[in-house]
Amino acid sequence: LDLGEQGVLPKIGVEVFSRWRHPRLVDKFIARLEEARLCLPSKAEALRRWTRILPDGDPFIQTLISYFKLVYRDGRIAEAKAYLEQSPYIHHHYFDAYQQPLRVDVELTDAGNKSMRARDALARLRECAESRAREAKEPGNGCERFRRRENGVRQVRFIGGENYEPLDRLLEECRKNGLRAEVVLTQKVGKQRLAGMIGAGAEDFLVDVNAGDGAALQTFQTLCGMGCKNVRARWRLRAGNSDELARAVALAGASGAAEFIVTGMKPCTEEGMRIPGRDQIRQAADFIRAYRGEPTEDDETTEETDCWRMKLTVESCFSQLAAVLGGGDPTKNPNRGLTRGCEAGRTFFAIRADGSFSPCLYLAKQEKKGAPQEYWESPSMREFREAATRESCGICRYRNRCRPCPAVTAECPVYEAAKPSA
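Fair warning: this is a prediction, and the values are worked out from it, not measured in the lab.

Undergrad: So what exactly am I meant to see when it comes to the overall build of the protein chain here?
TA: When helices and strands are counted, the protein chain shows 11 helices and 15 strands. Burial analysis of the protein chain (422 residues in total) assigns 45% to the buried set. Put simply, of all contacts in the protein chain between residues at least 6 apart along the chain, 69% involve residues at least 24 apart. Carbon and sulfur atoms make up 49% of the accessible area of the protein chain, which amounts to about 21900 Å² in all.

Undergrad: Looking at this model, I keep getting lost on the sheet that holds strand 15 (residues 357–358). Mind explaining?
TA: Within a beta sheet, neighbouring strands are joined by backbone hydrogen bonds and run either parallel or antiparallel to one another. Strand order in the open sheet formed by 9 strands is 13-12-11-10-9-8-7-14-15, with mixed pairing between adjacent strands. Each edge of the sheet is formed by a strand with only one pairing partner; in this case those strands are strand 13 (311–314) and strand 15. Pairing geometry for strand 14 (residues 348–351) and strand 15, over 2 bridges, is antiparallel. Bridge pairing links Ala 350 to Ser 358 in strand 15. Along the sheet, helix 5 (residues 191–200) makes contact with strand 9 (180–185) and strand 10 (202–208), crossing strand 10 at roughly 140 degrees.

Undergrad: When you look at the environment of Ala 216 in this model, what are you seeing that I'm missing?
TA: Here Ala 216 is to be found in helix 6 (residues 214–225). C-alpha separation for the pair Ala 216 and Ala 233, spaced 17 residues apart in sequence, amounts to 9.7 Å. Excluding anything up to four places from it in sequence, Ala 216 contacts Thr 186, Gln 187, Val 207, Asp 208 and Val 209.

Undergrad: Is there a simple way to think about the pattern of salt bridges in this case?
TA: Once the charged atoms of two side chains with opposite charge are near each other, the side chains can pair. On inspection of all chains with the given rule, the structure shows 21 salt bridges. For Asp 27, the salt bridge identified is with Arg 52, shortest N-O distance 2.6 Å. One end of the pair, Asp 27, is in helix 1 (residues 23–35); the other, Arg 52, is in the loop between helix 2 (41–50) and strand 4 (56–57), with 25 residues separating them in the sequence. Residue class for Arg 52 comes out buried when judged on its relative accessible area of 17%. For Glu 315, the salt bridge goes to Lys 266, with nearest N and O atoms at 3.1 Å.

Undergrad: How should the pairing of strand 5 (residues 60–73) be read in this particular structure?
TA: A regular strand carries its side chains on alternate faces of the sheet. Strand direction decides the pairing type here: strand 3 (residues 12–16) and strand 5, joined by 5 bridges, are antiparallel. Bridging from a neighbouring strand, Glu 15 pairs with Lys 69 of strand 5. Pairing of strand 5 with strand 6 (residues 76–87), which is carried by 11 bridges, proceeds in the antiparallel orientation. Across the sheet, Arg 73 pairs through a bridge with Arg 76, a residue of strand 6.

About the thresholds
- Each chain carries its own residue numbering, running from 1 in the direction its sequence is written.
- Two thresholds apply to this predicted model, a pLDDT of at least 70 for residue-level local features and 80 or more for giving and counting side-chain atom pairs, whereas whole-chain, interface and lining totals are computed over all residues.
- With hydrogens and water excluded, all non-hydrogen atoms of the structure serve as input to the side-chain values.
- Every helix listed is a DSSP run of H or I at least four residues long, and every strand listed is a run of E at least two residues long, numbered separately from the N terminus.
- Residue exposure (1.4 Å probe, protein chains only): buried if accessible area is under 20% of the type maximum, exposed if over 50%, otherwise partly exposed.
- In this description, contact between two residues means that some pair of their heavy atoms is separated by no more than 4.5 Å.
- Residue burial considers only the protein chains on display, and all accessible areas are found by Shrake-Rupley using a 1.4 Å probe.
- In this scheme, strands are said to pair when DSSP sees at least two bridges between them.
- To get an axis, fit a line to the C-alpha atoms, keeping to the stretch in contact for a helix; angles then go from 0 to 180 degrees between the N-to-C directions.
- We count a salt bridge whenever a side-chain nitrogen from Lys or Arg sits within 4 Å of a carboxyl oxygen from Asp or Glu.

Following this line, the structure appears as structure tokens:
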């Protein structure tokens, strides 16, 4: 309302918006504005294109329409305005995949000790770099062409490389082509070997460390002691070990880790499918809230701790824990959108030691033909994304705030039927 000396002025602004700003909902409103001759066709098309620009991955930027304003005066709607927004939050998951993968997981040595040939690995890295270079040169023409350089492959995660002799050559190739290299470690690695990785171009380290795993823990502490700034610890919640989470977090924080990641609800070959129960997942969620200084589900205040220097997160594939952590109210739960769960085939894909492609190393689905970009755009990958998008969890209260790992077929421990609305 516009207020003046005489009171409320004749012109009134009516704001129209929705918390769930899906492009197809916006399309309907734009069409209605066109029918009412409040929006030119050219501007309507520009708005539709704006809402369909592919989101950027890191930092996440989504383009959308914040709200429409209808200007009412002289007894009618005389004008319409659209307010554009670029948001770091996910307001809808209309996009089932990025047009380019952000990350590639490269398995250098598999469980059967089969190793990828160095020349094959180097060729794959160059293909990823070339795909990204072509991405940057495309001028863009229409909504299907809205791409950003950052949406090309820019991170390579090496798995099984502790004893892979040509790893340094691969790291040097990543550095040469502007690909950020991350090395996953699960075994004991000496200081000299770690220094060689860093010198060759390893920028990040992800160490799978669980209480009682002395080898990985020693490697983790060695890296932290060397002054590495980008060392992350990943800890798996399994049946029966939730009481060890606090100790593991404290140990990682004292060692100087940059981030502590809680994962789980994925195949675990060495110990079988040891799925944590509902009580364990809720116990972990309560601990994370307390660590972060967040209120509990009962709205009880929690004092800040002295551990704020280390980031405590939940891996996206452990969607059940992330969903429970967000709370039972779906209108307030932040675990939604593209990253609300399994990201296989959406933000990354994997190359196995035998040279085949797969959405994720935990999935048996694989193909051996084509280049990385060809595989990413293949019908099989499109079918995989579509099937995962339509995955239904019945009437679970977390249905729209969770996308579980498709490789885990066990019964979900956090399934909880939604209460019927009054």
